[in-house]
Amino acid sequence: MQLLGIHSGEDYYFKLANQDELYSVTAVYEAGDVRGTMKKDGSESIDLRYFSLQNLPKGVTDEYLSYITPYLERLLTDKKYEQGGMNDDSIHK
């Protein structure tokens, strides 16, 4: 598991339907081997599913896109390494 980012601050302020207000702090990780079954908690989750990056659900909010962006940037960086645009030797010199 690898930490991709921690998101907090003004952009993550929320006022909920019950009028509770909060600033969320969200840690985003990349996990390569996921096992088990996701379970709804019964009060905050409507549905739980995995989506491919090519088939994200409609209406994904800017908040959630900001969580996905570090992963996409990592994929693009890895692709540059694979294509020979960068390599470990050039970074460490």
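Look up: the structure comes first, before these words.
Residues numbered from 1 in each chain as written. Predicted model: local features only at pLDDT ≥ 70, side-chain atom pairs only at ≥ 80, totals over all residues. Heavy atoms only, no water.

> I'd like to hear about the overall build of the protein, residue by residue, with values.
Within the protein, the regular secondary structure consists of two helices and four strands. Listing the helices and strands of the protein from first to last along the sequence gives β-β-β-β-α-α. Looking at the protein as a whole, 10% of its 93 residues qualify as buried. Put simply, of all contacts in the protein between residues at least 6 apart along the chain, 38% involve residues at least 24 apart. (Helix = DSSP H or I, 4+ residues; strand = E, 2+ residues; numbered from the N terminus. Buried < 20%, exposed > 50% of the residue type's maximum accessible area, 1.4 Å probe, protein only. Contact = heavy atoms within 4.5 Å.)

> Could you give an account of the packing of aromatic side chains, naming the residues involved and the relevant values?
Enumeration according to the criterion identifies three aromatic pairs in this entry. Seen from their ring centres, Tyr12 and Tyr67 are 6.0 Å apart, and the 15° between their planes marks the pair as stacked. Taken together, the residues Tyr12 in the loop between strand E1 (2-7) and strand E2 (13-15) and Tyr67 in helix H1 (residues 62-82) connect sequence positions 55 residues apart. Look at Tyr12 and you get buried, because its relative accessible area is 8%. Ring centres of Tyr64 and Tyr67 lie 5.7 Å apart, and the angle between their planes is 75°; on these two criteria the pair is classed as edge-to-face. (Phe/Tyr/Trp six-rings, centres within 6.5 Å; stacked < 30°, edge-to-face > 60°.)

> Go over the side chain of Glu63, please, and point to the residues and values.
Topologically, Glu63 is positioned in helix H1. Among buried Asp, Glu, Lys and Arg side chains, Glu63 stands out as unpaired, with Lys15 the closest opposite charge at 17 Å. In contact with Glu63, other than residues within four places in its own chain, are Tyr12 and Phe14. (Lys, Arg positive; Asp, Glu negative; His and termini not counted. Salt bridge = Lys/Arg side-chain N within 4 Å of Asp/Glu carboxyl O.)

> Which residues make up a nonpolar patch on the surface, and what are the values?
Taken together, the side chains of Phe51, Leu53, Leu56, Leu65, Leu72 and Leu75 present a nonpolar region at the surface, about 430 Å² in accessible area. Along the chain, the position of Leu75 falls in helix H1. (Patch = residues over 30% accessible without salt bridge, like charges linked within 9 Å, V, L, I, M, F, W, Y side chains within 5 Å. Areas by Shrake-Rupley, 256 points an atom, 1.4 Å probe, with all protein chains shown as cover.)

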